[in-house]
Amino acid sequence: MKIHFVGAGPGDAELITVKGARLLADAELIVYAGSLVNPDILCHAGPAARLVDSAGLDLDEQIRLMFAAVKEGRKVVRLHTGDPALYGAIQEQIDVLASRGVSCEIVPGVSSYSAAAAAVGRELTLPGVTQTVIITRLAGRTSVPEKESLRKLASHRASMCIFLSVGMIDRVVEELAAGYTPDASVAVVEKASWPEQKIIRGRLDEIAAKVHAAGIDKTAMILVGGFLSGESFSPSRLYAPEFSHGYRQGKDK
Ligand code: SAH
């Protein structure tokens, strides 16, 4: 008995993997997180598939539904937004299903942090600026260990992708100010890759007011770091004409 946990991608129905789309087309039961998954993605489902929004179901009810179907030999897909491995609350499902003899295969997806970086047209790992991406969130109903507080992480001044926190933008700014300068570049991308995608850009000390003015309070990614402005960026050596590597002989200058 096997259930596929499929990453739906950030919203655009074409940003799902070929494997994910094939599994959706074959599935007989699709349990999807309706609060976040763009319903457009369900265009990949076959006509006979039963579609169930998990938003109104607790963990027990979801497990019962999926277990009953898989036990009857039906093909079951659990569809999660972005990449299921990030803030997907999949572990508790996988562990309970495993204890009932159901194995789970995770099909990765395009995370919203990738879609947000694409939306602003920037590379997260700019040589000379940073080679590190921090994926994190502010504590909400789910706590964050103190050693990973936004304040501490900000001290690295790496590229940061902050999930699940735009509704607390004032606190985010306060914490980030412990590490970044007031003029640090910030971009907030709401519904990256959806038709209604919106991008707000600004300095750290003005971004909260802009976000409030735009009325953004959920489904948005907060990006911060020098990668947004390209400060003291030094191009990668990878494509430099004189640079030799395993796949290319460099040209003499
Ligand atoms: N597994 C998902 C994240 C789920 S948590 C992923 O990999 O993207 C939900 C949070 O993800 C939201 O609060 C928001 O911060 C972010 N998010 C999800 N979809 C988004 C989108 N299309 N644009 C911007 N942020 C998004």
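Overview of the structure. Values in this document were obtained by computation on a predicted structure and should not be read as measured data.

1. Remarks on the site of the ligand
For step 1, the next point in the chain: Close to the ligand lie 18 residues; L86, S111, S112, A192 and A220 are nearest.
For step 2, the next point in the chain: Here a nitrogen atom of the ligand sits 2.9 Å away from a polar atom, N or O, in the main chain of P10.
For step 3, the next point in the chain: Between an oxygen atom of the ligand and a side-chain N or O atom of S112, the distance comes to 2.6 Å.
For step 4, the next point in the chain: Calculation on the ligand without its partners gives an accessible area of 540 Å², and the protein chains cover 96% of this total.
For step 5, the next point in the chain: Structurally, the ligand is housed in the largest pocket.
For step 6, the next point in the chain: Taken together, the residues that form the shell around the ligand break down as 11 nonpolar, five polar and two charged.

2. A short note on the sheet that holds strand β1 (residues 2-7)
Strands in a sheet are paired, the pairing made by backbone hydrogen bonds, and the direction either parallel or antiparallel.
For step 1, the next point in the chain: Spatial strand order, β3-β2-β4-β1-β5: five strands in an open sheet with parallel pairing. A single partner strand is all that each edge strand has here, and the edge strands are β3 (50-53) and β5 (103-107). Averaged over all pairs of adjacent strands, the angle between strand axes in this sheet comes to 20 degrees, irrespective of strand direction.
For step 2, the next point in the chain: Two strands pair when backbone bridges link them, and β1 and β5 are joined in this way by five bridges, in the parallel orientation. Within the sheet, the bridge partner assigned to K2 lies in β5 and is S103.
For step 3, the next point in the chain: Helix α3 (residues 91-99) rests against β1, β4 (76-80) and β5 of the sheet, and its axis sits at about 170 degrees to β1.

3. Here's the deal with the layout of surface pockets
A water-sized probe rolled over the atoms picks out the places where empty space is left.
For step 1, the next point in the chain: By volume, the largest pocket amounts to about 1,200 Å³.
For step 2, the next point in the chain: Every residue lining the largest pocket is counted, 40 residues in all, and those nearest its centre are S35, L36, T81, Y87 and L164.
For step 3, the next point in the chain: Put simply, the parts of the chain that give the lining of the largest pocket at least two residues each are β4, β8 (185-190) and β10 (220-224).
For step 4, the next point in the chain: Tallied by class, the residues present in the lining of the largest pocket amount to 16 nonpolar, 16 polar and eight charged.

4. A few points about the packing of helix α2 (residues 59-71) against α3
For step 1, the next point in the chain: Where α2 contacts α3, the two axes come as close as 11 Å, and the packing angle between them is 50 degrees. For the element pair α2 / α3, the angle class is oblique. In this structure, α2 crosses over α3, and the sense of that crossing is right-handed. On α3, the residues that touch L59, Q62, I63 and M66 of α2 are E92, Q93, V96 and L97.
For step 2, the next point in the chain: Taken together, the residues of the contact of α2 with α3 sort by class into five nonpolar, two polar and one charged.

5. Here's the deal with the nonpolar core
For step 1, the next point in the chain: Grouped together as the largest cluster of nonpolar side chains are 26 residues, with contacts concentrated most on M160, I162, L176, Y180, V188 and I222.
For step 2, the next point in the chain: Where this core is concerned, the elements lending two or more residues are α5 (150-154), β7 (159-163), α6 (169-176), β8, α7 (204-214) and β10.
For step 3, the next point in the chain: Excluding residues that lie within four positions of it along the chain, M160 makes contacts with I134, T136, L150, L153, A154, L176, Y180, I222, L223 and V224.
For step 4, the next point in the chain: Core analysis: the second largest hydrophobic core is formed by 19 residues, V6, A21, A49 and L79 among them.

6. Re the side chain of S193
For step 1, the next point in the chain: Relative to the assigned elements, S193 resides in the loop between β8 and β9 (198-203).
For step 2, the next point in the chain: You can call S193 buried: its relative accessible area is 18%.
For step 3, the next point in the chain: Reaching out from S193, the side chain makes a polar contact with the backbone nitrogen of G11 at a distance of 3.5 Å.
For step 4, the next point in the chain: A distance of 3.0 Å separates a polar atom in the side chain of S193 from the backbone nitrogen of D12.
For step 5, the next point in the chain: Dropping the residues within four chain positions of it, S193 is found in contact with P10, G11, D12, L15 and A115.

Criteria and thresholds
Residues numbered from 1 in each chain as written. Predicted model: local features only at pLDDT ≥ 70, side-chain atom pairs only at ≥ 80, totals over all residues. Heavy atoms only, no water. Near = heavy atom within 4 Å. Polar contact = N/O pair within 3.5 Å; in protein donor to acceptor, adjacent residues only side chain to side chain. Areas by Shrake-Rupley, 256 points an atom, 1.4 Å probe, with all protein chains shown as cover. 1 Å grid on protein atoms, 1.4 Å probe; cavity = no way out; pocket = protein on both sides within 12 Å on 5 of 7 lines; lining within 4 Å. Sits in = over half its atoms within 2 Å of the grid points. Nonpolar A, V, L, I, M, F, W, Y, C, P; charged D, E, K, R; others polar. Pairing = 2+ DSSP bridges. Helix = DSSP H or I, 4+ residues; strand = E, 2+ residues; numbered from the N terminus. Axes fitted to C-alpha atoms, helices over the stretch in contact; angles between N-to-C directions. Contact = heavy atoms within 4.5 Å. Points joined across faces, edges and corners; volume = space filled by probe spheres on them. Parallel < 35°, antiparallel > 145°, perpendicular 65-115°, else oblique. Left-handed = near helix turned anticlockwise from the far one by under 90°. Core = buried A, V, L, I, M, F, W, Y, C linked by side-chain atoms within 4.5 Å. Buried < 20%, exposed > 50% of the residue type's maximum accessible area, 1.4 Å probe, protein only.

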